[in-house]
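Commentary on secondary and tertiary structure
As a plain string of letters, each chain reads:
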Amino acid sequence: MNSRLYYTSPAKFWTDALPLGNGSLGAMFFSNADFRGIERIALNHETLWTGYPKRTVKEGAFESYERAKRLTAEGKLYEAQKELEENFSTCWSQAYLPLGNLYLDFGASAKKIKNYKRELDLENSLLNCVYKRGDAEMKKEAFISYPAKALVYKISSDRPFGFTLELNCGLQSKSFIKDGILIMEGICPSDSDSYSSKYPCNSLIYSKNEEEQGVSFCCAVKAVTDGECSENGNKLTVKAKKEAVIYLCCDTNYTDSFTLPCQSKKPYRELCLKNLETVSKTEYSKLKSEHTADYKKYYDRVSFSLNKKNENSDIPTDKRLKAFRENQEDFEIYELFYNFARYLMISSSREDTLATNLQGIWSENLKAPWNSNYTVNINTQMNYWCALPCSLKELTRPLTRLTQTLCEKGEETAEAYYHAKGFAAHHNSDIWGFTAPTTGNVQWSYFQGSSGWLCQHLFEYYEYTLDREFLKDTALPIIKKAVEFYLCIVSEDENGKLTVSPAVSPENSFKYGGHSVSLAKSSVIMDTIVFNTLKIYTKACEELNIDDGAYQTARKAMEKFELFKIGSKGQLLEWEKEYEECDEHHRHISHLIGLHPFNIINEKDTPEVFEACKKTLEIRGDDGTGWSLAWKINFYARLKNGEKALKLLNRQLKPVVSRKKSNFNYGDGGGTYPNMFDAHPPFQIDGNFGAAAGINEMLVQSDGKNVYLLPAVPKCWESGSVKGLSVKGNATVDFDWENGKVTCCRLHGNKNLNVFFDNTKL
């Protein structure tokens, strides 16, 4: 089966539970059914973050930057690094928070549970659970509707049943019942201890200052049954004859990245309760049909099949992953993993929601790993790699809005920290548009490449859609500001070439003067990002027939870059010279950004560098965290090496055991949890999205003029079909292949594109 996750036992841990979401509201269903009778639904809302809008400017930061530049020029890299860490970096970003839990207590029972089954239907975005408790058959069905802005949970049985409903929350909150509705109101912390120098989200701080108040929220639950409901303290008691439907809505006073929560005029309580009233009076069948129709208009756009069946495709998903570790003959598991990524994208990023964070919208911990924030030195970008090829262009709008916010907020950062024009964004961001250099080691804190990297996504949106209005009114103004910033911070090296100096390569380090150092005179990733930003800016100007001073300046600057050098082992150098790396198998491979996601390095235009990328990946090895494995799949696909891409994809599907407490492993690991969430570990959603993007790259690559079918498909994927994949140039492609050869191809949209298979035009 390639369209459902299913299990024959309840979820024990959070990474066993199954996710539902509508872009704003998220829930993890454990579907518990044991002698205790207590069922847990873990809840999230996209706008629950610590903090509030505020300026983050450090006194003397520009002077520190100037000192670090001088020290770097003198070869005092360690001293320059310490200068930036102590006097230039500021604080952590704010943190994403869980809403809490909804508990259903069916009462303890000695009656045995039989015939248990729970499943997530990816085609319809429905969660189902069935089992027998004694002689009573229980059926449960749940979904979170985007049109209705609500969680809907129907429970039915052939015998009378009852349960109590209770909400709990780790944030400052209170629960009570009013007019038969279970309500939980609360407030988020004012800060996540962001100035702690050692750990992100070290503690949660609540301020009594009104202007420092965090986001306020209201969550409300109502049950409708063929029996009766009653109040029991701060719990609802439901006694059903055969059926009960639970409705849950949530809203907050978050308005935007610029408005203090205390100044928000949004009537979030009233909106939440009014929506709950409307939803609870709507026929269940109508809510369900509207939900599935809304969801399927995205999901049904694309399909991918390898035309191979295996007996393991019908076994429970957790057992299936374990079986796949021993024998990779279950080809439908690739389809399942791919479809699950598309499901997660539709469920966590909608046209009018916030961008997906490190965990999408699903997070369990009050002190989440890496603050579950926007990590914009690859992870946030990776979250959206599969969206455009998967024909989900509308769902990239949240990333565009985040980039617009960072552009506006980052102008002050550029001026304060660099005395530069344009806008700057560094390693981390959050719901408030944080753009300052974060605290800690320069290998992450001192990275200015985020703005240019995000601009690449804006230009790719144009490449896929050919939306000239978007290019002119949205993308170009932001790209231009990124160009302005980069032209302020580049300088000429001893050979007269432009470079960013000093620079880092996230999040790697090398040995220098008896120290572990991450700051160099230049880095390939930073110079490549700057060059690429100039490149897409000039391309955008040419598309729009703009030929002004800024365009000419950008063109001349491009001529003064020398991006790539090859080392003694035939590898692509990461910095300006061949330093001894502290960890040659490091998870980050940032200096290959020109190969992917950019297309500066390719076999035709840069053959020697193309070969050096192969050697670099060979030296790095095949291990890595979840997102690192995903990036390597994309690298190998660009290198036309389908066998290695498949090897990394198989490595990504390695089963990882769930644990009570997340293992915050900042090093190697990777794999997949029983619920098919990517394991860094802990859970990070970028690995799911990045691996799906890698599958896209294995199947189809395009450049706006040409479309290449099966550029990196392994031999064992000998037959299959693809429908609806988007390609650059505003078109979609359907095709079939058998015995490794394309047998049928249909191009929809732009008919001027050339379609190739195995260097032959179709």
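The shown structure was predicted, so the numbers you read here are calculated from the model rather than taken from an experiment.

Quick look at the overall build of the protein chain
From N to C terminus, the protein chain includes 17 helices and 31 strands. Against the 2.2 N^0.38 benchmark of 27 Å for 762 residues, the protein chain shows a C-alpha radius of gyration of 26 Å, consistent with a compact globule. On the principal axes, the C-alpha backbone points of the protein chain span a range of 85 × 70 × 50 Å. Counting over 762 residues, the protein chain shows a buried share of 64%. Expressed as a percentage of contacts within the protein chain between residues at least 6 apart in sequence, the contacts between residues at least 24 apart total 68%. Surface summary for the protein chain: the accessible area is close to 28,400 Å², and the carbon and sulfur share equals 46%.

Topic: the nonpolar core
Counting 223 residues, the largest nonpolar core has L102, L104, F163, L165 and Y418 as the members making the most contacts within it. Setting aside anything within four residues of it in sequence, one finds L102 in contact with E39, R40, I41, L43, L165, E166, L167, V221, I246 and L248. Within the second largest apolar cluster, 18 residues are counted, among which are A220, Y268, V279 and Y284.

What about the environment of S93?
Tracing the backbone through its elements, the reader meets S93 in the loop between helix 2 (77-87) and strand 5 (100-105). Considering only alpha carbons, one finds S93 and N383, 290 residues apart in sequence, at a separation of 19 Å. Apart from residues lying up to four places away in sequence, S93 is in contact with S192, S194, N371, N373, N428, S429, D430, F434 and T438. Here N373 takes part through its side chain, which lies 2.8 Å from a polar atom of the side chain of S93.

Points about the packing of aromatic side chains
Counting across every chain of the model gives 43 aromatic pairs. Both rings, one in F88 and one in Y418, keep their centres 5.6 Å apart while their planes meet at 70 degrees; by these two values the pair is edge-to-face. With F88 in the loop between helix 2 and strand 5 and Y418 in helix 8 (residues 397-418), this residue pair connects regions lying 330 residues apart in the sequence. Feature note: the residues W14, Y295, Y299, F340, Y343, W362, F677 and F683 constitute an aromatic cluster, connected by ring pairs. Residue placement shows K117 over the ring face of Y6; its charged tip is 5.0 Å from the ring centre. Across from the ring centre of F331, 4.3 Å away, lies the NZ or CZ of K308, which sits over that ring.

Considerations on the sheet that holds strand 25 (residues 700-702)
One open sheet accounts for 4 strands, arranged 25-26-30-31; its pairing is mixed. Across the chains shown, the open sheet's two edge strands, defined by having one partner strand only, are strand 25 and strand 31 (760-761). The pairing of strand 25 with strand 26 (residues 706-709) spans 3 bridges and is antiparallel. Directly across from S702, in strand 26, lies its bridge partner V707. Running at roughly 80 degrees to strand 25, helix 17 (residues 686-699) makes contact with strand 25 and strand 26 of the sheet.

Digging into the side chain of T533
As for its placement among the helices and strands, T533 is situated in helix 12 (residues 524-543). For T533, a relative accessible area of 0% puts it in the buried group. Look past the residues within four positions of T533 in its chain and what remains in contact with it is G452, I479, A482, V483 and Y486.

Here's the deal with the sheet that holds strand 23 (residues 515-517)
Strand pairing in a sheet relies on backbone hydrogen bonds. The paired strands run either parallel or antiparallel. Sheet architecture is open: 3 strands sit in the order 23-22-24, paired in antiparallel fashion. Looking at the sheet topology across the chains shown, the edges are occupied by strand 23 and strand 24 (580-581). Here 2 bridges tie strand 22 (residues 510-512) to strand 24, and the two strands are oriented antiparallel to one another. Its bridge partner being in strand 24, F510 is matched across the sheet by E581. Seen against the sheet, helix 2 touches strand 22 and strand 23 and runs at an angle of roughly 65 degrees to strand 23.

A word on the pattern of salt bridges
If you walk through the whole model with that rule in mind, you get 42 salt bridges. Salt-bridge contacts for K511 lead to E580; the nearest nitrogen and oxygen are separated by 3.3 Å. Separated by 69 residues along the polypeptide, K511 in strand 22 and E580 in strand 24 bring together distant segments of the chain. By relative accessible area, K511 is classed as partly exposed at 45%. Taken together, the salt bridges that share partners define one network made up of D294, K297 and R350.

Cut-offs and rules
- Residues numbered from 1 in each chain as written.
- Predicted model: local features only at pLDDT ≥ 70, side-chain atom pairs only at ≥ 80, totals over all residues.
- Heavy atoms only, no water.
- Helix = DSSP H or I, 4+ residues; strand = E, 2+ residues; numbered from the N terminus.
- Rg over C-alpha atoms; globule rule 2.2 N^0.38 Å.
- Buried < 20%, exposed > 50% of the residue type's maximum accessible area, 1.4 Å probe, protein only.
- Contact = heavy atoms within 4.5 Å.
- Areas by Shrake-Rupley, 256 points an atom, 1.4 Å probe, with all protein chains shown as cover.
- Core = buried A, V, L, I, M, F, W, Y, C linked by side-chain atoms within 4.5 Å.
- Polar contact = N/O pair within 3.5 Å; in protein donor to acceptor, adjacent residues only side chain to side chain.
- Phe/Tyr/Trp six-rings, centres within 6.5 Å; stacked < 30°, edge-to-face > 60°.
- Lys NZ or Arg CZ within 6 Å of the ring centre and 35° of its normal.
- Pairing = 2+ DSSP bridges.
- Axes fitted to C-alpha atoms, helices over the stretch in contact; angles between N-to-C directions.
- Salt bridge = Lys/Arg side-chain N within 4 Å of Asp/Glu carboxyl O.

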